[in-house]
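Structural overview for review
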Amino acid sequence: MPIDQQHWFTEICDDAGSAFSLRIKAKLHEEQTPYQKIEIYETETFGMLMAIDGFVMLSTRDNFLYHEMLSHPVLFTHPAPRRVLIIGGGDCGTLREVLRHSDIEQVQQVDIDEQVTRLSEQYFPELCEANGDARAELHFADGIKWVREAEANSYDVIIVDSTDPVGPGEVLFTHEFYQHCRRVLGDDGLLVQQSESPMYHLDLLTRIHQIMRAAGFARTQTLTFPQPVYPSGWWSATLAGNTDLTAFRQRDVETRPFPTLYYNHRIHQTSLALPGFVEQHLQENL
Ligand code: SAM
């Protein structure tokens, strides 16, 4: 029985032979920007939904999982993050989490498509509540151009909150991009990038490790977390740096003065424990 497109939004993951659907109340917006097609839906049970080029970006109900896990582990792994660069992240959920860290002095967010932010302000205002923070700067440019032109040693942490490695996001998974990230980070600087599904995209996840290491990062470490609206419901982020990526400021996590719905020091620790098949594949290929 074909899925009724009037009442269901479906993302088909062709190479996995699977699909994910949410029952919708209404389609609220659709536009083709110079970079991508953006759709906004109101769903029955997941609140608002944003899709870019047919791929789910986020929903009101479960985006906290992704935004907390893309931000807090890397920031609590760095000894003293002050200057943060977010590449992508146009919905501003990652920016909001980064700004919860009071010691951070400056966050520059660089998304290629200003419309993502404008639509997020309208349909996900809760994610944009920190956009007026004096420490935040929103820029709209290609992330690879930004890092190509950035000064050496100008950031402590780079968070790559990009779309998948297709279309405009493809350049953010390349040797050249990681080389520039390595150059613009200080010696103890850290990079973290959303690195797709350990279940569906293990070869791509491994390639990300290989390319990050070839670009000059001595160590790479994947962490995993649940993300119901993404293919397989199981997602990952990969850290890169020259320091021990499994050590973090646990005391600071335990005494953090801000709320999180998913992240805590136990989740931080367990998210670094990789399943056997992932660990084996990485060991065999790194
Ligand atoms: N949470 C989502 C996910 O994991 O798929 C990603 C969130 S965010 C909506 C992804 C952002 O990456 C989009 O706003 C898109 O405009 C941005 N993006 C894609 N390619 C880019 C590039 N080359 N430079 C900067 N931003 C880019």
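The structure we're discussing is the one just above.
Below: a short report on this structure. The structure displayed is predicted, hence computed values, not measured ones.

Cut-offs applied
- Residues numbered from 1 in each chain as written.
- Predicted model: local features only at pLDDT ≥ 70, side-chain atom pairs only at ≥ 80, totals over all residues.
- Heavy atoms only, no water.
- Salt bridge = Lys/Arg side-chain N within 4 Å of Asp/Glu carboxyl O.
- Helix = DSSP H or I, 4+ residues; strand = E, 2+ residues; numbered from the N terminus.
- Buried < 20%, exposed > 50% of the residue type's maximum accessible area, 1.4 Å probe, protein only.
- Expected span 1.5 Å × (residues − 1).
- Bend = angle between axes of the 7 residues up to and from the residue.
- Phe/Tyr/Trp six-rings, centres within 6.5 Å; stacked < 30°, edge-to-face > 60°.
- Lys NZ or Arg CZ within 6 Å of the ring centre and 35° of its normal.

Applying the stated criterion across every chain yields a total of 16 salt bridges. The partner of E129 in a salt bridge is R96, with the nearest N and O atoms 3.9 Å apart. Placement of E129 in the loop between α3 (114-123) and β8 (136-140) and of R96 in helix α2 (residues 93-98) is noted, with a sequence separation of 33 residues between them. Given a relative accessible area of 55%, E129 falls into the exposed group. The salt bridge partner of R100 is E97, with a shortest N-O separation of 3.1 Å. Each of K27, E30, K37 and E39 takes part in a single network of salt bridges with overlapping partners.

The next subject is helix α1 (residues 63-77). Over its 15 residues, α1 runs 22 Å from end to end, which matches the ideal 21 Å to within 8%, given 1.5 Å per residue. Its axis deflected by about 25 degrees at M69, α1 carries its strongest bend there, up to four residues before the proline P73. Burial analysis of α1 places 14 of its 15 residues in the buried class, which makes it a mostly covered element.

So, on to the packing of aromatic side chains. Following the criterion strictly, the structure yields 8 aromatic pairs and no others. Ring geometry for Y66 against F225: centres 6.4 Å apart, planes inclined by 65 degrees, an arrangement best described as edge-to-face. With Y66 in helix α1 and F225 in strand β11 (residues 219-226), the pair connects residues that are 159 residues apart, well separated along the chain. This pair shows no difference in class: Y66 is buried, exactly as F225 is. Members of the aromatic cluster, each reached through a chain of ring pairs, are Y66, F225, Y230 and W235. Positioned above the aromatic ring of F46, the side-chain terminus of R61 is 4.7 Å from the ring centre.

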